[in-house]
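Chain and residue survey
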4 protein chains.
Amino acid sequence: MSAMAFVSITPLGEGESVSEYVARAVRVIKNSGLEWRLTPMGTIIEGENTAAVLGVVNSAVEELGDCNRISVSIKIDYRRGREAGMSRKVESVMEKIDL
Amino acid sequence: MSAMAFVSITPLGEGESVSEYVARAVRVIKNSGLEWRLTPMGTIIEGENTAAVLGVVNSAVEELGDCNRISVSIKIDYRRGREAGMSRKVESVMEKIDL
Amino acid sequence: MSAMAFVSITPLGEGESVSEYVARAVRVIKNSGLEWRLTPMGTIIEGENTAAVLGVVNSAVEELGDCNRISVSIKIDYRRGREAGMSRKVESVMEKIDL
Amino acid sequence: MSAMAFVSITPLGEGESVSEYVARAVRVIKNSGLEWRLTPMGTIIEGENTAAVLGVVNSAVEELGDCNRISVSIKIDYRRGREAGMSRKVESVMEKIDL
């Protein structure tokens, strides 16, 4: 059983460049112990279930408690019978487009 | 302080029509006691903070525990200093487009 | 055949309150002639296909061409055999949760 | 000027495993000539503006025209003054979390 999530956390009202804030949120994700990957549009994390993943997302948002307004986008793929699927998911598509 | 979220929960592998499953998830949201509104593309809920909102989303996903695969999309607008902002947010835009 | 979309357009770097900008984008959607509904978390539009819907979203984003940075979230439900489904989608869930 | 997008395209009603369909959509993206990266939760593409990016997304969705129902999630980061920013965006966060 695994819940994989794409997460993007962005403060509003803190200026056009937000990488300082993103880095603080990603540090919380990194220290959570969950499998994680940073991408240009957000961070992908994988945990045993949605509760584990959403708990880490919440901690990362709370890390930015000094911000007045925060926008959070989360897309979750929960799947029974899958364990540690990040690499396997990419491979199963790459194989089919001959890369 | 309020966390407002747009939530869409969709099982994969349960056929093209998913309204039965969506209704089960929405019932959990309805019974949570949080402010909620059903829209054609998902449900909007509002709670005191992100932990309250994500807790209800997690319970709604767990309600579909009999599904092998579930896709969840969540967009959160967390804002300090706002209380029960659903109607106010819509009004503040409608006023500006003279409706 | 219908493509229904939830759309949220938010400028970054223009301050914490963005309703002025949201109103300008929604006005473009309103004047597009597509079916639309404003919600507290974004606007829902429906068109004949994804090209029609994405064309209007692009025009709404281009309306904010004076902003240096814009975040756009779009969730589309494309379905063959459905015409003007906004009300029907909500009713089909409400009936199942006895509301 | 660059528009970067996270895109996830998923057919409903075609079973629990959708990698065949995802591969067909990714092949359209790959052949579009835009910069692209496959991740475990979706594909990230970068083009000169939102029209270029949304045009490719639409072609990828139309590639799955044989599916009755398709769910599409898109998150766009449009930014003036940025060119080919994928690697730079990741580096600017990694530097700040000492990785």
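Residues numbered from 1 in each chain as written. Chains lettered and ligands numbered in written order. Predicted model: local features only at pLDDT ≥ 70, side-chain atom pairs only at ≥ 80, totals over all residues. Heavy atoms only, no water.

**Comments concerning the UniProt feature "domain: Thiamine-binding protein" (unreviewed entry) in chain A**
Using the residue numbers shown here, the UniProt feature "domain: Thiamine-binding protein" (unreviewed entry) corresponds to residues 6-93 of chain A. With 38% helix and 33% strand, the stretch residues 6-93 of chain A has end C-alpha atoms that lie 17 Å from each other. (UniProt positions renumbered as here; feature names shortened; annotations may be inferred. Helix = DSSP H or I, 4+ residues; strand = E, 2+ residues; numbered from the N terminus.)

**Observations regarding the sheet that holds strand β2 (residues 35-39) of chain D**
Across the sheet, which stays open at both edges, the eight strands sit in the order β2(C)-β3(C)-β1(C)-β4(C)-β4(D)-β1(D)-β3(D)-β2(D) with antiparallel pairing between neighbours. A single partner strand is all that each edge strand has here, and the edge strands are β2 (35-39) of chain C together with β2 of chain D. The mean angle between the axes of side-by-side strands here comes to 20 degrees, regardless of whether they run parallel or antiparallel. Sitting on the sheet, helix α3 (residues 86-94) of chain C is in contact with β1 (2-12), β2, β3 (42-47) and β4 (69-79) of chain C together with β4 (69-79) of chain D, with an inclination near 50 degrees to β2 of chain C. Against the sheet, helix α2 (residues 50-62) of chain D engages β4 of chain C together with β1 (2-12), β3 (42-47) and β4 of chain D, with an angle of about 165 degrees to β4 of chain D. (Pairing = 2+ DSSP bridges. Axes fitted to C-alpha atoms, helices over the stretch in contact; angles between N-to-C directions. Contact = heavy atoms within 4.5 Å.)

**Description of the relation of the copies chain B and chain A**
The two chain copies are related to each other by a rotation about an axis together with a translation along it. Superposing chain B onto chain A takes a rotation of 180 degrees combined with a translation of 0.0 Å along the rotation axis, leaving an RMSD of 0.0 Å. Here the transformation between the copies is reduced to the relation of a two-fold axis. By C-alpha distance to the rotation axis, the residue of chain B lying nearest is I74 of chain B, at 2.5 Å. Here 96% of the contact residues of chain B are again contact residues in chain A; the copies associate through an equivalent surface. (Least-squares fit on C-alpha atoms with pLDDT ≥ 70 in both.)

**Observations regarding the interface of chain B and chain A**
A common way to express how large an interface is: the accessible area buried when the components associate. If you look at the interface, chain B gives 25 residues, while chain A gives 24 residues. When chain B packs against chain A, close to 2200 Å² is buried across both sides, 41% of that on carbon and sulfur atoms. The largest contributions to the chain B side of the interface with chain A come from R69, Y78 and R80 of chain B, which together make up 25% of the buried area. Linking chain B to chain A there are two salt bridges. Across the pair R69 of chain A and D77 of chain B runs a salt bridge whose closest N-O atoms are separated by 2.8 Å. Taken together, the connections running from chain B to chain A amount to 19 residue pairs in polar contact (both at pLDDT 80 or more). Elements supplying a minimum of two residues to the side of chain B that touches chain A: α2 (50-62) and β4 (69-79) of chain B. Looking at the side of chain B that touches chain A, the element that brings in the most residues is β4 of chain B, giving eleven residues. (Buried area = accessible area lost by both parts, 1.4 Å probe. Salt bridge = Lys/Arg side-chain N within 4 Å of Asp/Glu carboxyl O. Polar contact = N/O pair within 3.5 Å; in protein donor to acceptor, adjacent residues only side chain to side chain.)

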